[in-house]
Amino acid sequence: MDLPVDEWKSYLLQKWASLPTSVQVTISTAETLRDIFLHSYSLLQPEDELFLKRLSKGYLVGKDSDAPLFYREEGNKKFQEKDYTGAAVLYSKGVSHSRPNTEDMSLCYANRSAALFHLGQYETCLKDINRAQTHGYPERLQPKIMLRKAECLVALGRLQEASQTISDLQRNFTATAALADVRPQTLQRNLHHLKMKVQEKDNLTETFPAALAKTLEDAALREENEQLSSASSSIGLCVDPLKGRYLVATKDILPGELLVKEDAFVSVLNPEELPPPPHGLDSKWDTRVTNGDLYCHRCLKHTLATVPCDRCSYAKYCSQECLQQAWELYHRTECPLGGLLLTLGVFCHIALRLTLLVGFEDVRKIITKLCDKISNKDICLPESNNQVKTLNYGLGESEKNGNIVETPIPGCDINGKYENNYNAVFNLLPHTENHSPEHKFLCALCVSALCRQLQAASLQAIPTERSVNSSQLKAAVTPELCPDVTIWGVAMLRHMLQLQCNAQAMTTIQHTGSKGSIVTDSRQVRLATGIFPVISLLNHSCSPNTSVSFISTVATIRASQRIRKGQEILHCYGPHKSRMGVAERQQKLRSQYFFDCTCPACQTEAHRMAAGPRWEAFCCNGCGAPVQGDDVLRCGSRSCAESAVSRDQLVSRLQDLQQQVGVAQKLLRDGELGDWQKSATHLQRSLRVVEVRHGPSSVEMGHELFKLAQIFFNGFAVPEALSTIRKAEEVLSLHCGPWDDEIQELQKMKSCLLDLPPTPVGPAV
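The model shown is predicted, which means the values in this text are computed figures rather than measured ones. (Residues numbered from 1 in each chain as written. Predicted model: local features only at pLDDT ≥ 70, side-chain atom pairs only at ≥ 80, totals over all residues. Heavy atoms only, no water.)

**Observations regarding the packing of aromatic side chains**
By the definition in use, this model includes 15 aromatic pairs. Judged by centre distance (6.5 Å) and plane angle (50°), the rings of Tyr-593 and Phe-595 are tilted. Residue Tyr-593 is classed as buried on the basis of its relative accessible area of 11%. Judged by relative accessible area, Phe-595 falls into the partly exposed class, the value being 27%. Here the aromatic cluster, defined as three or more aromatic residues joined through ring pairs, consists of Trp-8, Tyr-11 and Phe-51. Here the basic side chain of Arg-353 rests over the ring of Tyr-330, its NZ or CZ set 3.8 Å away from the ring centre. Above the face of the Tyr-41 ring, Arg-452 is positioned so that its terminal group lies 4.5 Å from the ring centre. (Phe/Tyr/Trp six-rings, centres within 6.5 Å; stacked < 30°, edge-to-face > 60°. Buried < 20%, exposed > 50% of the residue type's maximum accessible area, 1.4 Å probe, protein only. Lys NZ or Arg CZ within 6 Å of the ring centre and 35° of its normal.)

**Thoughts on the environment of Val-346**
Within the element layout of this structure, Val-346 appears in helix H16 (residues 346–358). Of the residues examined, Val-346 reaches a relative accessible area of 3% and is grouped as buried. Distance from Val-346 to Gly-530, taken between C-alpha atoms, is 9.8 Å for residues 184 residues apart in sequence. Residues in contact with Val-346, not counting those within four places in the same chain, are Met-1, Asp-2, Val-268, Asn-270, Pro-271 and Thr-529. (Helix = DSSP H or I, 4+ residues; strand = E, 2+ residues; numbered from the N terminus. Contact = heavy atoms within 4.5 Å.)

**Things to note about the pairing of strand S10 (residues 546–551)**
Residues in a regular strand project their side chains so that they alternate between the two faces of the sheet. One ladder, built from 6 bridges, connects S10 with strand S11 (residues 554–559); its direction is antiparallel. Opposite Ser-547, over in S11, you have Arg-558 as the bridge partner. In textbook terms, the turn of a hairpin is the stretch between consecutive antiparallel strands, and for S10 and S11 this stretch comprises 2 residues, one of which, Ser-552, has a positive phi near 55°. (Pairing = 2+ DSSP bridges.)

**As for the sheet that holds S11**
Sheet architecture is open: 3 strands sit in the order S3-S11-S10, paired in antiparallel fashion. Only two strands of the sheet have a single partner each, and these edge strands are strand S3 (258–263) and S10. Neighbour-to-neighbour, the strand axes of the sheet open up by a mean angle of 20°, direction not taken into account. By the bridge criterion, 5 bridges tie S3 to S11 in an arrangement that is antiparallel. Paired with Lys-261 across the bridge in S11 is Thr-556. (Axes fitted to C-alpha atoms, helices over the stretch in contact; angles between N-to-C directions.)

Below, the structure written as structure tokens:
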């Protein structure tokens, strides 16, 4: 997903292995990224490009004129089953394969509007009705779609517009009835029914959703940092010769405080790696749903009503505005390269999009300015005669021999401000000397293949008529399509190498559960990959004091615990102490990020491992210390008087607990809450396991408390529900903003319960 598909990766690694030793040494010992790129570029042969082209054709990103009818019919089946969400997605797939201003596109939009109407998404339904009409919706079907439009307007309280739509239908009643696929009596009855609805709702007015306004307000930083864009004034940027750049608290920080709110400088939606379609599938078109069908490819907003690119079937957007912006910024270049970019992987795609967003001229300027520093030694600190000191903005400054010694921090502007811009992105460390020669060769060949395609596209864009004047020729060969290949290639190669250590996995919470279940479960899924220059400044800890969450392309960092003034702000790069052991964490961090973690969690666990073998699955019931031994386990604390216990006894208890947790999970999946007290008992036991495994303030604990709150709420256990809701809100607020679906649902449940009169319930669980 991040790197190329396995077939291309294997092909390049075999090519590397077959190179003469002298060539391998030349690339391995190259002193600059420019040398690595040029050597690799010269090795890309026509047969390599043909193989890559064959792989790229495996991705069906073009429009297929036969596909809209297939997806419309499949969507109709879902619609008849009253699976309106599934129907909407299939109609969207039909839209993505349709050509603009065709009956296929108008019918897919119209059918999707019907599904959205049944889902209660009236505003979006109206947009689809307008889209259907814009693309030539047939006259014979106009009464159906106009009736739906009037229904939406009534539901939204836009009664004047609804009345006008009804009047238009009545005025043309004879003509519309003749054209419509409905009987005149049915049309007349529907019109009368709508008029009655308008009279009933005559006093309704449409209001702006207050919850959304509050969400946008709460998500803002209270006071932005003067030296660090997108950051709170509670943190400062520092630099140290050994640990590099990092962030510290400039004042005491409370749990839940918003520290960073940063929009991705660039982001690319991750294509999901779906298994092959089931055997026996008659069609070449896939009906399975991916994130690419549900999220805008530019702003990552969730939507069932995507608007596709006019030229390809892959790129989809939440609105015409997002589509237009993406086209102007980068998609006009990416569109014909869709299959190639999916083959080369997300990192290569991001590298291209970065340079397209910035523009060739700006890339050329910064490459030219820093070309002597783009070497297999990372750009760390600019050359200076002064000794590097640690800068502590907001914490006072250190001195040497009575003089303040300052060295500019990489990525900052001339005024010392670090911003979310290309200068900051370019100064993120690529760790060139740490990557293996094979990996550098693989990245360089991917970039070389992409540059060849960009060159070919630029040549095709040049007009051949003799009448073309010089200004037209200059306009045709745009900087984005015909740059100096060396500058373009070096920039993209640098970005590909940066991404291994600096890419941020952008996640979202997706809710799951059986159809009609009154208790929902949730899982975190990787939605996109992005670059956040400010967040990239955070160092890693396996037990961090912050948590990250996302809404669209914006990432927020919140304090997950109290942070004292002067304490470093720490983020988890993935390997967390509650999810894997110290040995596995160290291996993952060393292989991907090139460092040995010495955070307190790793040091503590390493010390315990050095103390001797122990049965790691259990802690002492008396004091919580790890128990030690083989067949008979004893508390490792000398001051503890807890008696020994056999390993078999503890294993039996663990198996019993796991079985009960499984029962709870099945009840939740199936929605069988007739005996809500029994369900709550099972889930409370599950909570104990989660608390020991992940900690009382972990996001995992928050999700489990959310499920328990739903059980108490649906069981009308008001005191227990309110108590659990407050605990869940307290934990989730440390990790998520007020826009989080689970927090909003908890608030709705609490509001509902507080409005209820006191109701006697069964005995406490």
